[in-house]
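# Chain and residue survey
Okay, here's what each chain looks like letter by letter:
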Amino acid sequence: MKDPYIFDFIDTTSILKEREIEREMVAHVGRLLLELGAGFAFIGQQYHIVVDDQDFYIDLLFYNIKLRCFVVVELKGTDFQPDYAGQISFYVTAVDELLRHANDNPTIGILLCRGKSGLVADYALRGLDKPIGVAEYRLVRDLPLELVDLLPSADDIANRLNVPEEPDEYG
């Protein structure tokens, strides 16, 4: 599984919430599909499923025609937390039971988080028997290390342009 995913097509002029990132991903679905890789077909956003008369909504649902399986993508606006594993596992099981056809392979779950501790993710997923992975996502592509020292920082540019600092809440 790819790690990290780079969603640099999303406008990052402000701090975005989870739902806003999801909305931007759908608005740029073509570029999202390219980042996910070959064979992905977009099924839906906030895909509605009903389990035991309760409503649930999968952030993003795909079908991979090469793998012949559904792919559940759950997006989190925070670093990975162990309880996220239970949620993605539930969605994977529900899609297998409600949507998967006899000729389909088992559903895959991808949990996209702002960051992760590999050991925490490993412990949280170790007992699960479903194909679930945790990956980081980034909204901007990092500069190659060889360019970092060659380019001015945002503060350097502001100082050279004599841009005044933004006033704080006290004026």
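Conventions we followed
- Residues numbered from 1 in each chain as written.
- Predicted model: local features only at pLDDT ≥ 70, side-chain atom pairs only at ≥ 80, totals over all residues.
- Heavy atoms only, no water.
- Helix = DSSP H or I, 4+ residues; strand = E, 2+ residues; numbered from the N terminus.
- Buried < 20%, exposed > 50% of the residue type's maximum accessible area, 1.4 Å probe, protein only.
- Contact = heavy atoms within 4.5 Å.
- pLDDT = per-residue confidence, 0-100.
- Salt bridge = Lys/Arg side-chain N within 4 Å of Asp/Glu carboxyl O.
- Core = buried A, V, L, I, M, F, W, Y, C linked by side-chain atoms within 4.5 Å.
- Phe/Tyr/Trp six-rings, centres within 6.5 Å; stacked < 30°, edge-to-face > 60°.
- Lys NZ or Arg CZ within 6 Å of the ring centre and 35° of its normal.

Take the overall build of the protein chain next. Scanning the protein chain for helices and strands turns up six helices and six strands. The secondary structure elements of the protein chain, listed N-terminal to C-terminal, are β-α-α-β-β-β-α-β-α-β-α-α. Looking at the protein chain residue by residue over its 171 residues, the buried ones come to 35%. Counting contacts in the protein chain only where the partners sit at least 6 residues apart, residues at least 24 apart contribute 58% of the total.

Looking at the protein chain as a whole, its pLDDT mean stands at 76, while 62% of the residues score no less than 70. Helix α5 (residues 145–148) is the least confidently modelled element of the protein chain, averaging 50 in pLDDT, while strand β3 (residues 54–64) averages 95, the highest of any element.

Below, the discussion takes up the pattern of salt bridges. Inspection of the entire model under this criterion finds three salt bridges. Ionic pairing is found between E74 and K76, a salt bridge with its closest N-O pair at 3.4 Å. The exposure class assigned to E74 is buried, which follows from its relative accessible area of 2%. Judged by relative accessible area, K76 falls into the buried class, the value being 10%.

Another aspect to go through is the nonpolar core. Counting residues in each nonpolar core, the largest one holds 15 residues, and the members touching the most others are I58, L61, F70, V72 and V95. Mapped by element, the contributors of at least two residues to this core are β3, β4 (69–75) and α3 (83–98). Of all the elements, α3 adds the most residues to this core, at six residues. Once you skip the residues sitting within four places of it in the chain, I58 turns out to touch Q45, Q46, Y47, I49, V72, V73, Y91 and V95. In this structure, I21, C69, V73 and L75 belong to the second largest nonpolar core, which totals twelve residues.

Positionally, A38 belongs in the loop between α2 (29–36) and β2 (40–51). The contact partners of A38, leaving out residues within four places of it in the chain, are N64 and K66.

Let us now look at the packing of aromatic side chains. For any two aromatic rings, the description comes down to two numbers: the centre-to-centre distance and the angle of the planes. This structure, assessed with the given rule, holds six aromatic pairs. Taking the centre distance of 5.1 Å and the plane angle of 85° together, the rings of Y63 and F70 count as edge-to-face. Neither Y63 nor F70 differs from the other in exposure class; each is buried. It is K76 that lies over the ring of Y84; its NZ or CZ is 4.8 Å from the centre.

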